[in-house]
Every structure is written in C-alpha cells, then in structure tokens.
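One letter stands for each residue in the lines below.
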Amino acid sequence: DRPGADRPLQAGKSAELIVQSRAAEAPLNVAERTRGVIASGRFTTNGPDKDHMAALAGDARKGSGSLQLKQAPAGWTVGDEVVVTGTRFRWSNSRDDLLLENEVRRITAIDGTTVTLVSPLIHDHVRADPSFSIFVSNLTRPIVIRSATARPLTERGHVMFMQGAQVDIRDAAFIDLGRTDKAAATSAANIKGVYSVHFHQNGYDQEQLFSNSVIRGTPGWGLANHSSNVVASNNVVHDFAGAGFSPEAGDEIGSFIGNIVSGGTNLPLQAKPYAREAIGPEPKQRLLAGDMGKFANGFWMVSPQVVVQNNVVAGGNGTAYLMFMLGTME
C-alpha cells in the first residue's frame with residue numbers, strides 16, 4: 001500500500017503547519033530557498049474522502065442563495081468554502097478577481113443535491129451551451145500548510161520536494177504559498193523556482209502522488225513538476241498569476257488528470273494572449289531566463305510526455321491550455 005493509505009486523519013479532526021516569516025534572519029535564507037517546507041524523504045498526508053468538484057444541474061442565477069447540483073457531493077460539510085466558477089469572459093485592465101466572476105461562498109446547509117450558501121450570488125453563471133456544465137470546486141481540506149504572512153510576497157513560505165522524496169499527498173490545502181511573482185521579471189529579489197508546491201528534479205523512477213488537494217493563492221505557479229514523475233489527480237488550484245499546473249524543463253513525465261483550475265489573473269494581454277505567450281522577442285527573452293508560464297495559464301505545458309486528461313479550466317483571463325514544447329536551457 002502507498003504510505004498513509006491506511007491511516008487517514010479522523011473525520012472532524014484537523015492539522016495545520018504554518019510557515020513563519022524569518023525576514024529578520026535574511027542571511028540564513030540560503031539562495032532564498034529556506035523559509036518553507038523542503039523535503040527529500042517520505043512526506044504523506046491523508047484525510048477523509050471528499051469530492052473536489054461538482055457540476056451544477058443547470059445554470060446559477062444572480063440572487064440565488066443555493067446551488068442545484070447534478071449529484072449529491074460526497075464529503076462536503078457545512079462550513080466548507082466553495083468556488084462557483086465564472087462563465088463570462090471579459091478582458092480588463094485590472095487583476096481584480098471580481099471581474100472574473102468567480103464567487104467564493106461558505107456552505108450553510110446541504111440537503112441531497114441542494115447546497116445552501118451563506119450569501120446570494122452576485123453574478124449569473126450561465127452555460128454557453130446546454131451540453132456544457134458549470135463546476136463548483138471545494139476549497140476546504142482538514143490538513144493545511146500555509147504561510148503565516150501572505151503579504152508582502154517576500155514573507156511567504158513555499159513547499160519543495162527534492163531528490164529522494166517519496167510523496168503521497170491527499171486531502172491537503174496549500175494556502176498563500178510561493179514567493180516567485182510571475183507578474184514581474186525575475187531578479188535578485190524575485191528569483192524563479194519558489195512555488196506553492198514544487199517537485200524539484202526528483203527523477204523518473206519514483207512516482208510522486210498529489211491528489212484531492214487544494215492550492216490556493218499564489219503569485220506564481222500552483223504545482224510545478226520539474227524533471228520529475230508527478231501524478232496529480234482530482235485537485236483544485238484557485239487564485240494564481242502564472243500557471244495552475246506546469247512541467248518546468250521539458251523532460252518531465254507523469255499526468256495531470258481530473259483537476260480544476262480557476263481564478264487565473266495577471267496583467268492585461270491586450271486581447272493578444274497567444275502572441276504575447278508564444279511568438280516574437282518577448283518569449284525568447286523569457287525562455288533564455290527560464291521565466292515562462294507567466295500569463296494566467298491553466299496548464300503551461302512544456303513537456304510532451306505528461307498526460308493531460310479530463311481537466312477543467314474556468315474563470316480566468318489567460319489561456320486554458322498552452323503547449324510550448326521547447327524546453328528550458330539547463
């Protein structure tokens with residue numbers, strides 16, 4: 001059995017790991033990599049099973065205080081926070097998440113397929129086609145790893161799994177982590193590689209498992225697979241600037257299956273996202289600097305060997321999937 005498979009956290013219990021700021025001890029922050037969780041051994045989390053997302057039975061209208069789902073959501077409880085993903089796409093000169101029309105609400109009651117919210121919706125969430133579905137993701141997990149301080153970004157923690165790691169993460173939330181700001185150029189004060197959850201050069205023999213978990217609030221990438229074998233399934237990434245999921249170098253293997261990504265915001269793309277991302281001098285300069293995947297991509301795909309299936313990307317101002325099959329220069 002995989003590590004932790006037979007000993008999940010009991011229902012009703014919680015566990016929290018808080019990364020404290022050590023700004024006053026800057027000389028001890030070697031290469032800006034400390035002040036976080038850095039592991040090269042066994043790392044496991046496991047909690048009660050919970051559906052990471054659910055489909056609405058139809059549309060959800062402005063003013064509604066409840067959601068009608070296609071199926072009763074397994075494991076959802078009163079007090080959970082959910083995201084009703086936005087459905088209207090608008091270019092804007094602002095990074096304000098309200099313009100994306102994603103709505104975060106707390107659950108006050110559940111009766112079968114009816115989920116009651118703490119306050120009514122302020123936007124319409126309407127399908128572009130009756131065959132489509134609108135998805136609601138669940139942000140609450142019993143195991144939490146978070147930064148003690150979300151602002152300024154330099155005070156945040158991060159999570160990095162190094163060579164030799166054996167990772168089996170389930171049912172955990174990674175909140176307000178990552179210091180690499182994809183809205184700005186890399187510099188001595190904004191170095192690359194300090195992401196929310198980062199599998200760093202673990203090699204290909206050991207599968208690293210990441211499932212039914214949440215990554216929420218990051219200025220860079222949510223989950224980065226760097227020269228590793230990462231199997232990521234049924235996860236939620238919400239509120240990010242760079243990319244929700246990203247293979248980093250081009251030699252990665254593994255899979256991204258059944259995940260949902262929402263709330264991707266970055267600087268306005270002047271209605272030309274593809275040009276800014278993939279052609280012309282700007283991406284060439286960023287490629288040389290190893291600073292790609294900057295513009296709210298749901299999936300920034302550099303490796304053609306990572307399987308991508310049955311994912312959802314919604315409520316963002318960047319591209320859902322961007323394939324850029326030119327590896328970084330390492």
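This text gives an overview of the structure that appears in the document.

Rules used throughout
- Counting of residues starts from 1 at the beginning of each chain's written sequence and follows it residue by residue.
- The predicted nature of this model means local features are confined to residues of pLDDT at least 70 and side-chain atom pairs, given and counted, to a pLDDT of 80 or more, with totals for whole chains, interfaces and linings taken over all residues.
- The side-chain figures draw on all heavy atoms in the structure; neither hydrogens nor water molecules are used.
- The cut-offs for exposure are 20% and 50% of the maximum accessible area for each residue type, with area from a 1.4 Å probe on protein chains only; residues under the lower value are buried, those over the upper are exposed, and the others partly exposed.
- Under the scheme used here, helices are H or I runs from DSSP no shorter than 4 residues and strands are E runs no shorter than 2 residues, and both carry numbers assigned from the N terminus.
- Pairs of strands are assigned from DSSP output, requiring at least two bridges between the strands.
- Any two residues whose heavy atoms approach within 4.5 Å at even a single point are treated as in contact.
- In protein, a polar contact means a hydrogen-donor-capable atom and an acceptor-capable atom, both N or O and within 3.5 Å, with residues adjacent in sequence counting only if both atoms are side-chain atoms; elsewhere, any N or O pair within 3.5 Å suffices.
- Counted as salt bridges are all cases of a side-chain nitrogen of Lys or Arg within 4 Å of a carboxyl oxygen of Asp or Glu.
- Here the axes come from fitting lines to C-alpha atoms, over the contacting stretch only for helices, and the angles between their N-to-C directions go from 0 to 180 degrees.
- Here, nonpolar core means buried Ala, Val, Leu, Ile, Met, Phe, Trp, Tyr and Cys residues that are tied together by side-chain atoms lying within 4.5 Å of each other.
- Only Phe, Tyr and Trp rings are paired, with Trp represented by its six-membered ring, and only when their centres lie within 6.5 Å; those with planes under 30 degrees apart are stacked, over 60 edge-to-face, the remainder tilted.

### Let's talk about the pairing of strand 20 (residues 260–264)
When you tally the buried positions in strand 20, you get 5 out of 5 residues, the bulk of the element. Two elements, strand 17 (residues 236–240) and strand 20, share 4 bridges in a ladder whose sense is parallel. Across the sheet, residue Val-236 finds its bridge partner in strand 20, namely Ile-260. Both strand 20 and strand 23 (residues 312–314) contribute to a ladder of 3 bridges, which runs parallel. Considered in strand 23, the bridge of Ile-260 is made with Val-312.

### A word on the environment of Asp-80
Here Asp-80 shows up in the loop between strand 5 (66–68) and strand 6 (81–84). In this view, Asp-80 contacts Lys-50, Gly-75, Arg-105, Arg-106, Ile-107, Asn-138 and Thr-140; residues no more than four positions away in its chain are not counted. Within the local environment of Asp-80, its side chain forms a polar contact with the side chain of Lys-50, the two groups lying 2.8 Å apart.

### Section: the side chain of Ser-228
Along the chain, the position of Ser-228 falls in strand 16 (residues 221–233). Here the side chain of Ser-228 touches Asn-202 through a polar contact of 2.9 Å, landing on its backbone nitrogen. Here His-226 takes part through its backbone oxygen, which lies 2.8 Å from a polar atom of the side chain of Ser-228.

### Notes on the pattern of salt bridges
Any two side chains of opposite charge can pair, given that their charged atoms come close. Tallying each qualifying case throughout the model produces 12 salt bridges. With a shortest N-O distance of 3.8 Å, Arg-156 and Asp-176 are connected by a salt bridge. Of this pair, Arg-156 sits in the loop between strand 10 (143–147) and strand 11 (159–161) while Asp-176 sits in the loop between strand 13 (172–175) and strand 14 (197–211), placing them 20 residues apart in sequence. Residue class for Asp-176 comes out partly exposed when judged on its relative accessible area of 25%. Three or more residues are tied together by salt bridges with common partners; here these are Glu-81, Arg-106 and Arg-216.

### Structural notes on the sheet that holds strand 10
Across the sheet, which stays open at both edges, the 7 strands sit in the order 1-10-13-15-17-20-23 with parallel pairing between neighbours. Here the strands that pair on one side only, and so sit at the sheet edges, are strand 1 (15–19) and strand 23. The sheet shows a mean angle of 10 degrees between the axes of neighbouring strands, direction not considered. One ladder, built from 5 bridges, connects strand 1 with strand 10; its direction is parallel. Across the sheet, residue Glu-16 finds its bridge partner in strand 10, namely Val-144.

### Some remarks on the side chain of Asn-259
When you line up the elements, Asn-259 lands in the loop between strand 19 (253–257) and strand 20. Owing to a relative accessible area of 0%, Asn-259 belongs among the buried residues under this scheme. There is a polar contact of 2.9 Å between the side chain of Asn-259 and the backbone nitrogen of Asn-235. Each residue touching Asn-259, except ones within four places of it in the same chain, is listed here: His-52, Ala-232, Ser-233, Asn-234, Asn-235, Phe-245, Asn-310, Asn-311 and Val-312.

### With respect to the nonpolar core
Phe-161, Phe-174, Phe-210 and Leu-223 are the most contacted members of the largest nonpolar core, which totals 29 residues. If sequence neighbours within four positions are ignored, Phe-174 has contacts with Ile-145, Val-159, Ile-169, Val-197, Phe-210, Val-214, Ile-215 and Arg-216. Counting residues in each nonpolar core, the second largest holds 14 residues, with Leu-56, Ala-60, Val-82 and Val-115 among its members.

### Regarding the packing of aromatic side chains
For the structure shown, the criterion picks out 9 aromatic pairs. An angle of 25 degrees between the planes, with centres 4.6 Å apart, marks the rings of Tyr-195 and Trp-221 as stacked. Here Trp-221 lies in strand 16 and Tyr-195 lies in the loop between strand 13 and strand 14, a separation of 26 residues in the sequence. Take Tyr-195 and Trp-221: they sit in the same class, and that class is buried. Here Phe-245 and Phe-299 contribute two aromatic rings whose centre-to-centre distance is 5.1 Å and whose plane-to-plane angle is 5 degrees, an arrangement assigned as stacked. Pair noted here: Phe-245 is in strand 18 (residues 243–247) and Phe-299 is in strand 21 (residues 297–301), with a separation of 54 residues, a long-range link.

### Remarks on the sheet that holds strand 6
If you trace the 6 strands from one edge of the open sheet to the other, you get 4-9-6-7-8-5, paired in antiparallel fashion. Only two strands of the sheet have a single neighbouring strand rather than two, namely strand 4 (53–55) and strand 5. Averaged over all neighbouring strand pairs, the angle between strand axes comes to 35 degrees, with direction disregarded. Pairing of strand 7 (residues 103–111) with strand 8 (residues 114–117) involves 4 bridges; the strand directions are antiparallel. In the sheet register, Asp-111 faces strand 8, and the bridge partner there is Thr-114.

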